[in-house]
Amino acid sequence: MEVKSDKVASLCNREVLSLLDELKASTKQNVKSGNQLATVVYEASQYLQNLNTGQSEKNVTDLLSALLQFKVQLTYNEKLMIVNTLPRTSLELSLLINNYDDRLTEEEIQELLDIVAKNSPEPT
């Protein structure tokens, strides 16, 4: 693969899964593509499907919208990690947010966990 633009932001797992699904559909039409690419695409898509089972594009959009409304300013990478990992406890959240103890109060931590729970599928 080649880098088409070096000024592109990181993608969340759901966006990567969508791109892999598109790639799978296009490689089925293009028989000349090697088996190695098909294997990599298959394995990566299986991993991402199992990682956040049931997470839809609407869940991601709703979660990001809610994080934008959150009273504490989160960085792009913090939001991306929250969307990808869907933290359920304050310990998981503390691993994703820089200066966690200094930036968030207990109420804000609980509010953030509630936002994640409300805008994501139930864990399996």
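Criteria and cut-off values
- Here the residue numbers are simple positions, counted from 1 along each chain's written sequence.
- Local features in a predicted model are, by the rule used here, given only for residues with pLDDT of at least 70; side-chain atom pairs are given and counted only at 80 or more, and totals for whole chains, interfaces and linings are based on all residues.
- Excluding hydrogens and water, the side-chain figures rest on all heavy atoms present in the structure.
- UniProt positions are given in the numbering used here, feature names are shortened, and annotations may be inferred rather than shown by experiment.
- Strands are runs of DSSP state E lasting at least two residues, helices are runs of H or I lasting at least four, and both sets are numbered from the N terminus onward.
- To sort residues, take the accessible area from a 1.4 Å probe on protein chains only and compare it with the maximum for the residue type: under 20% means buried, over 50% means exposed, and anything in between is partly exposed.
- Counted as positive: Lys and Arg. Counted as negative: Asp and Glu. His and the chain ends are not counted at all.
- The term salt bridge refers to a pairing of a side-chain nitrogen on Lys or Arg with a carboxyl oxygen on Asp or Glu at a separation within 4 Å.
- With axes taken as lines fitted to C-alpha atoms, and helix axes fitted only over the stretch in contact, angles between N-to-C directions fall between 0 and 180 degrees.
- An angle below 35 degrees is treated as roughly parallel, one above 145 as roughly antiparallel, one from 65 to 115 as roughly perpendicular, and anything else as oblique.
- Crossing handedness: left-handed means the near helix sits turned counterclockwise from the far one by under a right angle, and right-handed means the same turn made clockwise.
- Contacts are assigned to residue pairs with any non-hydrogen atoms lying within 4.5 Å of each other.
- Under the scheme applied, nonpolar residues are Ala, Val, Leu, Ile, Met, Phe, Trp, Tyr, Cys and Pro; charged residues are Asp, Glu, Lys and Arg; polar residues are all the others, including Gly.
- Residues grouped as a nonpolar core are buried Ala, Val, Leu, Ile, Met, Phe, Trp, Tyr and Cys residues, joined through side-chain atoms within 4.5 Å.

- Taking an unreviewed UniProt entry as the reference, the protein chain is identified by name as DNA-directed RNA polymerase III subunit RPC9 belonging to Nezara viridula.
- UniProt's Sequence similarities (unreviewed entry) comment on the protein chain is quoted here verbatim: "Belongs to the eukaryotic RPC9 RNA polymerase subunit family."
- Listed in UniProt under the heading Subcellular location (unreviewed entry), the comment for the protein chain reads: "Nucleus".

Overview of the side chain of K79
Piece 1. Among the structural elements, K79 can be located in helix α4 (residues 76-85).
Piece 2. Although K79 is buried, it makes no salt bridge; E78 carries the closest opposite charge, 8.0 Å away.

Brief notes about the packing of helix α3 (residues 57-69) against α4
Piece 1. In contact at an axis separation of 11 Å, α3 and α4 are set at 140° when each is read in the N-to-C sense. Judged on the interaxial angle alone, α4 and α3 are oblique. By crossing handedness, the relation of α3 to α4 is classed as right-handed. Facing V60, L63, L64, L67 and L68 of α3, the residues of α4 in contact are K79, I82 and V83.
Piece 2. Each residue belonging to the contact of α3 with α4 can be placed in one class, and the counts come to seven nonpolar, no polar and one charged.

Regarding the nonpolar core
Nonpolar side chains in soluble globular proteins tend to be buried together.
Piece 1. L63, I82, L93, I97, L104 and L112 are the most contacted members of the largest nonpolar core, which has 22 residues in total.
Piece 2. Elements that contribute at least two residues to this core include exactly α3, α4 and α7 (106-118).
Piece 3. Ranked by the residues each element gives to this core, the list is headed by α7, at five residues.
Piece 4. If we ignore the near neighbours within four places in the chain, the residues touching L63 are I82, V83, L86, I115, V116 and N119.

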